[in-house]
Amino acid sequence: MRCERSAGVTGAALCALLLLAGCQAPAGSASDTAASASGTGSGFGAVFLGTGECSSFGTTRYTEVPCDGERAAARVVARHDGASGTGPPCPPTTDFVLHIGEQTAPARAVREGYACMRNLQPPHPGDPGEGGGPRTTVGDCVYDVGGGQVRETACDGSGAHRPQYEVVRAVAARAKCPASTALYVQLGGAAPVGCARPV
């Protein structure tokens, strides 16, 4: 995510190197999902892992399962074709993103795309302040990792890193941030500027 320190706080800009691209989190971050979805589902819908359908958890592969089954672990809250970096962003409370490769299985072809997933049971890292998920939103906390980069962490201090700033407002332009703003965070969407204060 892009961030800059408020000139009124430090007098110097903190340049941005980290940028959220759609639903995909930066590589190596807590919200990054390395596993991909398997296109060999059981045929529950016309689209593999379509919106409203559920997946099991796996270490390297996920499969489509009935949502009322004992193997169901997460529900698709949005499904888009193409690469996540070029498609629409996931909903703010998405817990993780599954990247789906194109497959031409005899039973059902699967187009390349991505599924925005929400765990059926807690924890929900995509919720505000929980320290994860692919998007930074109002209520999330971040810490400085150096080189002009910040990453999310749990606001209650339970994560591996202590929170340094909390995003308290999303606005259309920096001038609309409150005077207490110490850091600007790029959020995207209609209100792309996150106003963050020290915690």
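Bear in mind the structure is a predicted one, so any value in this text is a computation, not a measurement.

Basis of the calculations
Residues numbered from 1 in each chain as written. Predicted model: local features only at pLDDT ≥ 70, side-chain atom pairs only at ≥ 80, totals over all residues. Heavy atoms only, no water. Disulfide = S-S within 2.5 Å. Helix = DSSP H or I, 4+ residues; strand = E, 2+ residues; numbered from the N terminus. Buried < 20%, exposed > 50% of the residue type's maximum accessible area, 1.4 Å probe, protein only. Salt bridge = Lys/Arg side-chain N within 4 Å of Asp/Glu carboxyl O. Pairing = 2+ DSSP bridges. Polar contact = N/O pair within 3.5 Å; in protein donor to acceptor, adjacent residues only side chain to side chain. Contact = heavy atoms within 4.5 Å. Core = buried A, V, L, I, M, F, W, Y, C linked by side-chain atoms within 4.5 Å.

Colleague: I tried to follow the state of the cysteines on my own but got confused; where do I start?
Modeller: Two cysteines form a disulfide when their sulfur atoms are joined by a covalent bond. Taken as a whole, this structure holds four disulfides when the rule is applied. Two residues, Cys54 and Cys67, share a disulfide whose sulfurs are 2.0 Å apart. Given an S-S torsion of about 100 degrees, the disulfide between Cys54 and Cys67 has right-handed geometry. Remark: Cys67 occurs in the loop between strand E5 (64–65) and strand E6 (74–81) and Cys54 occurs in strand E3 (residues 54–55); sequence separation between them is 13 residues. Look at Cys67 and you get partly exposed, because its relative accessible area is 28%. The disulfide partner of Cys141 is Cys155, and the gap between their sulfur atoms is 2.0 Å.

Colleague: Would you take a moment to explain the pattern of salt bridges for this structure?
Modeller: A complete count under the given rule lists four salt bridges for this structure. Between Asp81 and Arg111 there is a salt bridge; the shortest N-O distance is 3.0 Å. Separated by 30 residues along the polypeptide, Asp81 in strand E6 and Arg111 in the loop between strand E9 (109–110) and strand E10 (113–119) bring together distant segments of the chain. On the basis of relative accessibility, which here comes to 51%, the residue Arg111 falls in the exposed class.

Colleague: Any chance you could explain the pairing of strand E12 (residues 149–153) here in plain terms?
Modeller: The two faces of a sheet get side chains in turn, since along a regular strand they alternate between them. Sheet topology note: the strand E11 (residues 141–146)/E12 ladder contains five bridges and is antiparallel. Residue pairing in the sheet places Asp144 in a bridge with Val150 of E12. The hairpin formed by E11 and E12 contains two residues between the paired strands, and Gly147 there has a positive phi angle of roughly 65 degrees.

Colleague: Where do I start with the side chain of Glu53 in this structure?
Modeller: By the secondary structure assignment, Glu53 is in the loop between strand E2 (36–37) and E3. Owing to a relative accessible area of 15%, Glu53 belongs among the buried residues under this scheme. For Glu53, the side chain forms a polar contact with the main-chain nitrogen of Gly50, separated by 2.7 Å.

Colleague: Quick question: what am I supposed to make of the environment of Tyr143 here?
Modeller: Take Tyr143: it is sitting in strand E11. Separated by 10 residues in sequence, Tyr143 and Thr153 place their C-alpha atoms 6.8 Å apart. Look past the residues within four positions of Tyr143 in its chain and what remains in contact with it is Gln149, Val150, Arg151, Glu152, Thr153, His161, Arg162 and Gln164. Within polar-contact distance, the side chain of Tyr143 engages the side chain of His161 at 3.3 Å.

Colleague: Whenever I open this one, the nonpolar core confuses me. Can you help?
Modeller: Within soluble globular proteins, side chains that are nonpolar generally end up buried alongside one another. If you look at the biggest cluster of nonpolar residues, it comprises 11 residues: Phe48, Leu49, Tyr62, Ala74, Val76, Phe96, Leu98, Ile100, Val110, Ala115 and Met117. Among the elements of the structure, E6, strand E7 (96–100) and E10 are those that each provide at least two residues to this core. Sorting elements by how many residues they give to this core places E7 first, with three residues. Judged by nonpolar contacts, the second largest core, of nine residues, contains Val142, Val167, Leu183 and Val185.

Any functional reading would require information beyond the geometric quantities listed.
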